[in-house]
Amino acid sequence: MAVMEMCTLEKRGSVFILTLTGLNEHRLNPDLLDSIQSALHRVRSESSSSTALITTAHGKFFSNGYDLAWAKTADTNHRLKLMDSKLRSLIADLISLPVPTIAAVTGHASAAGFILALSHDYVLMRKDRGFLYMSELDIGLPIATWFVAVIRSKIESPAARREVLLRAAKLTAEKAAELGVVEAVEGGAEETVTAAARLGEELAGLRWDGHAYGQIRMAVFAYLLSAVRCDEENESLAVKVASRL
């Protein structure tokens, strides 16, 4: 097992499992984002035609979004832009990764944490704990256009998008499955990771060409990639968010 700051990456059979470690909220600050991206770089360098990636987390949270407390300690505008830039780079890496990706959501996934989960090809969620939640409406903050692009690309139903964005609904696993936001609902944390590993092995067994897989995914989500790479809009939004914190 390779251990990196704030997360681990291990290979089980044909599947890489990236785990956000510890019992904290897994807030997406630069250290955690860099750790996850380092893991993705290793997956990219070691991937083959028979590999898949699972992302999961220890504890009560999959990820509770950006580390706003860290952002408020000094130069809030700069720190918000830094987190946004690093997450956009991470999501671009996920979309271009030459292997199938699966999020095993074993706890709450809120705001940017929800976006991280949605950016995988498949989302599995435990039934007995956790919800998916875009909190911006409830806390009075604007939402990034690229966040909306992720949601539009990954959630097909306008009614489901309305629940997520315009009602700030806290989606349980069963409600998320009903709305088509997640592919499957599992029992507890262990069952969710086991099911994700089973799906990963199934996908790896198809032995698809990784380069072709990544290129096709990038073509499917070309609109999303364009939004992710739009620096000017996201820097402007960071200034607005900073003024409200």
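Residues numbered from 1 in each chain as written. Predicted model: local features only at pLDDT ≥ 70, side-chain atom pairs only at ≥ 80, totals over all residues. Heavy atoms only, no water.

Taking an unreviewed UniProt entry as the reference, the protein is identified by name as Delta(3)-Delta(2)-enoyl-CoA isomerase belonging to Rhododendron simsii. Quoted verbatim from the Pathway (unreviewed entry) heading of the UniProt record, the comment on the protein is "Lipid metabolism; fatty acid beta-oxidation." Heading Sequence similarities (unreviewed entry) of the UniProt record for the protein holds this comment: "Belongs to the enoyl-CoA hydratase/isomerase family." (UniProt positions renumbered as here; feature names shortened; annotations may be inferred.)

Caption draft 1: Inspection of the pattern of salt bridges at higher detail. One pass over the structure, following the stated rule, counts 10 salt bridges. Of the charged contacts, one joins Lys86 and Asp34 as a salt bridge, the two residues approaching to 2.9 Å between their closest N and O atoms. Taken as a pair, Lys86 in helix 3 (residues 76–96) and Asp34 in helix 1 (residues 30–46) lie far apart in primary sequence, 52 residues in all. As a salt-bridge pair, Arg42 and Glu46 come within 3.0 Å of each other at their nearest N and O atoms. Here Arg42 and its partner Glu46 are both found in helix 1, four residues apart, which amounts to about one turn of the helix. According to the relative accessible area criterion, Glu46 is partly exposed, its value standing at 41%. (Salt bridge = Lys/Arg side-chain N within 4 Å of Asp/Glu carboxyl O. Helix = DSSP H or I, 4+ residues; strand = E, 2+ residues; numbered from the N terminus. Buried < 20%, exposed > 50% of the residue type's maximum accessible area, 1.4 Å probe, protein only.)

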